[in-house]
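Summary of structural features
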Amino acid sequence: VKAVVLDPRNDFNVDQTLTKKDVQNLIQLCVTRLLDTTNPSLSTIKMQVYFDMNYANRAELLSEQHRVLEGRLAPVVRDITESRPRVQEIESVYQTIVSYVLLSSGLGSPTDIEVVREVTAGLQSVFPQREMITFISLSKKNKEQQLKNLAKLVTGIRLYNKECGKGGSSIDDLPAILNESIPSATQTVDERLNTCHRLAHQYTALLESMQEDQHRYAQLSSFKLKEALFNVRQYEAFLCILLSDAITSAQEVENMNVQFAATMEQLKNTVQNKVSIDTKDVFPLFVALSNLWSGFQNEILLLSFLTNMTNNLQQFSEIQSQLFPEEVLTSLLEGVTVKSDEERIRETMGTRVNVSDFKNQEWLFPETTDNFDQLLIQYHGFCAHAIGVKGLTLPGNPAIGILKHKERCYVFSSKEAAYVFAQDPDKFIQLNVEKAKEHAELILLLELYHQFEYLALHKQARNAGKYLMKPTTKCDSSTQTDTHILPPTIVTSYEWNEWELRRKAIKLANLRRKLTHAMQTDLSHMRRDNSTQVYLPKDVSTQTKRDSSSNVPRPQVFLEGLRGGSSPTTHMVKVDLTRPADEN
């Protein structure tokens, strides 16, 4: 209804109250537009509404899935944590814990006896039934936390047993499924994206030929080419979002495969057929396996969601084949040169805006802007000049220069378009707004949320200003400041210590008993000339007395008869052989 009212061709005045006749006319126009199944504009709006109501990013989707799972498990958790069973009822509560572990893991059906036996055996290995008395005495919060830990431990044990060939037949091989499904889903999105590119390039070439040749304009004017182009461009934008999510999933799965294999290998090395193992060594590994497997389950959910979104979006582009069958489109393109978006950008790669030609305009370039590749470009990156003037969605080339006008950034398909737009940006911005009023699907395609806040879909309006990034320009500059701009305000006489103040007070009090014998002022300080005389040092030498020495002979004594003799009466004779001192 708002789109019909905004369309200037319908002559509705939004500032006045509608009369009964206007209301009937509005109803008729809306019904006619809704029933026009051959109009690509209606298919585009349906596509936009469907995507807005159903699409969710990774974080939102996983958060919603976690909330749904907790809601399903809430009654079981409540039965376990709020019950005060008697001795004979403990076994029943234990079986309820087994059901919780099985349901929270999502590995197998609760009605499969073999699966229930596996879960029970795994739970008994880490939480025997005799420990139920201790469990019951815990608080409700601690019970919930222990239930989550038990679920992860049992899941890790079952995954390890499956790897060792000791059960786990009901557990699907999620890594293998993902490794096969993600490339297939990515290929599907790629093929449809290539089809969109081809149609967009062909429609753009036909619209350009219409503007250059009046004969072709009369031939093609009945074909609603602009509406078809906008439909293809919107489908292309949505497929790019889904392809980006699929690539992110592929990267996450690749990382998790490596981590899962490494954790499983570490667990095998830790266990190695041992009879008893310390829980602090293996329990963290079981929990890690469980968390990684939950990541695989999340990726399965995300892949299923992306596949459904891709398949459901296809219905909104089927009108292309109805309006333009392959043979009709081929005949229309005879003699028309079709250029791809990449070719158009390459043609303008060597041109650039001369900043000196503009006095009051700010232009951004890669070498002058830090976050050049992260700037939020207006009109979804399309040329800001071609939309309002030609009604075309031509790809803008940022290398030509990005115009920053009123804190918003605009790109252009050629240097000439940039110069024309920069002469009066507000005029061309208004032209784009008027073009969006004629074609309501452009409001979402070109992301005109700030001009049509009341028409923007709720999710896009909420996120309109979230990703706005202001450009950070770079330039060479230098500054110089004085060392001390203001005079110092330090009070040198200030004392924080009260004892120091006490000492000063005593010193001043003692001055009362002092007499002044002489005084000196600042003016007379160091005015008197003083001189002194010193004796230079004299070189003096002295001589000491002569050094002499003497040599004393070494005493030598010879004793005769120590070895005995031939006669027993021989006596020992002592002979002094020392040389006289005056001999020398």
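Note that the structure is predicted; figures quoted are calculated from it, not measured.

Focus on the overall build of the protein
Along its length, the protein carries 21 helices and five strands. Rg of the C-alpha trace for the protein: 48 Å, well past the compact-globule value of 25 Å for 584 residues, more than 25% over. Expressed along its principal axes, the backbone C-alpha trace of the protein runs to roughly 170 × 95 × 70 Å. By residue count, 37% of the 584 residues in the protein fall in the buried class. Nonlocal contacts in the protein, meaning residues at least 24 apart in sequence, comprise 72% of its contacts between residues at least 6 apart. For the protein, the accessible surface area stands at approximately 38000 Å², while carbon and sulfur atoms represent 51% of it. Measuring between centres, the 65 positive side-chain charges of the protein sit 10 Å from its 71 negative side-chain charges.

Topic: the pattern of salt bridges
Scanning the entire structure with this criterion turns up 17 salt bridges. In this structure, the salt-bridge partner of D36 is K224, at a minimum N-O distance of 3.4 Å. Placement of D36 in the loop between α2 (20–35) and α3 (40–54) and of K224 in the loop between α10 (214–220) and α11 (225–271) is noted, with a sequence separation of 188 residues between them. Across the salt bridge formed by E64 and R67, the nearest N and O atoms sit 2.4 Å from each other. Of this pair, E64 and R67 both sit in helix α4 (residues 58–81), separated by three residues, roughly a single helical turn.

A look at the domain arrangement of the protein
Considered domain by domain, the protein is made up of domain 1 (1–35), domain 2 (83–164), domain 3 (174–333) and domain 4 (341–473). If you average the C-alpha positions of domain 2 and of domain 3, the two centres end up 38 Å apart. Opposite the 12 residues of domain 2 that make contact, domain 3 presents 13 residues. Taking both partners together, domain 2 and domain 3 bury about 1100 Å²; carbon and sulfur atoms supply 76% of that area. Counting the contacts that link domain 2 with domain 3 gives one salt bridge. Residue K268 pairs with E163 through a salt bridge whose shortest N-O separation is 3.5 Å. Across the domain 2-domain 3 interface, the total number found is three residue pairs in polar contact (both at pLDDT 80 or more). Of all the elements, helix α8 (residues 140–163) adds the most residues to the side of domain 2 that touches domain 3, at eight residues. In the side of domain 2 that touches domain 3, the residues fall into six nonpolar, four polar and two charged.

Comments concerning the environment of P537
Following the sequence through the fold, P537 ends up in the loop between α21 (498–510) and β4 (557–560). You can call P537 exposed: its relative accessible area is 76%. Remark: the alpha-carbon pair of P537 and P175, spanning 362 residues in sequence, is separated by 100 Å.

Topic: the packing of α8 against α11
In a pair of packed helices, the angle between the axes and the distance between the axes together describe the arrangement. One can describe the packing of α8 onto α11 by two numbers: an axis separation of 11 Å at closest approach and a directional angle of 85 degrees. With respect to α11, the axis of α8 lies roughly perpendicular. Across the interface between the two elements, L159, Y160 and E163 from α8 touch F260, M264, L267, K268 and V271 from α11. Of the residues in the contact of α8 with α11, the class split is six nonpolar, no polar and two charged.

As for the packing of aromatic side chains
Overall, the coordinates contain 18 aromatic pairs when judged by the stated rule. Ring centres of Y203 and F324 lie 5.1 Å apart, and the angle between their planes is 45 degrees; this geometry places the pair in the tilted category. With Y203 in helix α9 (residues 174–212) and F324 in the loop between α13 (319–323) and α14 (326–332), the pair connects residues that are 121 residues apart, well separated along the chain. No difference in accessibility class separates Y203 from F324, as the two residues are buried. On the numbers, 5.5 Å between centres and 45 degrees between planes, the contact of Y410 with F421 is tilted. Residue Y410 is found in strand β3 (residues 408–410), and its partner F421 is found in helix α17 (residues 415–423); the two are separated by 11 residues along the sequence. Judged by its relative accessible area of 0%, F421 falls in the buried class. Here K427 stacks its cationic end above the ring of F428, 5.3 Å away from the centre of that ring.

Looking at the nonpolar core
Counting 73 residues, the largest nonpolar core has Y203, L313, W363 and F412 as its most contacted members. Looking at which domains feed residues into this core, each of domain 3 (174–333) and domain 4 (341–473) supplies at least three. In this structure, W363 is in contact with V353, V355, F358, G401, I402, L403, F412, A418 and A422, ignoring residues within four places of it in sequence. If you look at the next biggest cluster of nonpolar residues, it comprises 48 residues, including V93, I136, L178 and F296.

Some thoughts on the environment of K390
Structurally, K390 can be placed in helix α16 (residues 384–390). On the accessibility criterion, K390 (33% relative accessible area) is partly exposed. In contact with K390, other than residues within four places in its own chain, are Q211 and K226.

Description of the sheet that holds strand β1 (residues 362–364)
Taken together, three strands build an open sheet; the order of strands is β1-β2-β3 and the sheet is antiparallel. Strands at the two margins of the open sheet, each flanked by one partner only, are β1 and β3. Sheet twist, expressed as the mean angle between neighbouring strand axes with direction ignored, is 35 degrees. Bridging between β1 and strand β2 (residues 402–405) involves three bridges; their strand directions are antiparallel.

What about a nonpolar patch on the surface?
Taken together, L18, V23, I27, V31, L34 and L35 make up a surface patch of nonpolar side chains, about 520 Å² in accessible area. Assignment of secondary structure puts V31 in helix α2.

Considering unusual backbone geometry
Within the chain, Y379 stands out as a residue other than glycine whose phi angle is a positive 60 degrees. Of note, Y379 is situated in the loop between β1 and α16. A positive phi is found at H380, a non-glycine position, where the angle reads about 60 degrees. Within the secondary structure, H380 is located in the loop between β1 and α16.

Here is what the cut-offs are and how they apply
- Residues numbered from 1 in each chain as written.
- Predicted model: local features only at pLDDT ≥ 70, side-chain atom pairs only at ≥ 80, totals over all residues.
- Heavy atoms only, no water.
- Helix = DSSP H or I, 4+ residues; strand = E, 2+ residues; numbered from the N terminus.
- Rg over C-alpha atoms; globule rule 2.2 N^0.38 Å.
- Buried < 20%, exposed > 50% of the residue type's maximum accessible area, 1.4 Å probe, protein only.
- Contact = heavy atoms within 4.5 Å.
- Areas by Shrake-Rupley, 256 points an atom, 1.4 Å probe, with all protein chains shown as cover.
- Lys, Arg positive; Asp, Glu negative; His and termini not counted.
- Charge placed at Lys NZ, Arg CZ, Asp CG, Glu CD.
- Salt bridge = Lys/Arg side-chain N within 4 Å of Asp/Glu carboxyl O.
- Domains from an automatic or database assignment.
- Buried area = accessible area lost by both parts, 1.4 Å probe.
- Polar contact = N/O pair within 3.5 Å; in protein donor to acceptor, adjacent residues only side chain to side chain.
- Nonpolar A, V, L, I, M, F, W, Y, C, P; charged D, E, K, R; others polar.
- Axes fitted to C-alpha atoms, helices over the stretch in contact; angles between N-to-C directions.
- Parallel < 35°, antiparallel > 145°, perpendicular 65-115°, else oblique.
- Phe/Tyr/Trp six-rings, centres within 6.5 Å; stacked < 30°, edge-to-face > 60°.
- Lys NZ or Arg CZ within 6 Å of the ring centre and 35° of its normal.
- Core = buried A, V, L, I, M, F, W, Y, C linked by side-chain atoms within 4.5 Å.
- Pairing = 2+ DSSP bridges.
- Patch = residues over 30% accessible without salt bridge, like charges linked within 9 Å, V, L, I, M, F, W, Y side chains within 5 Å.

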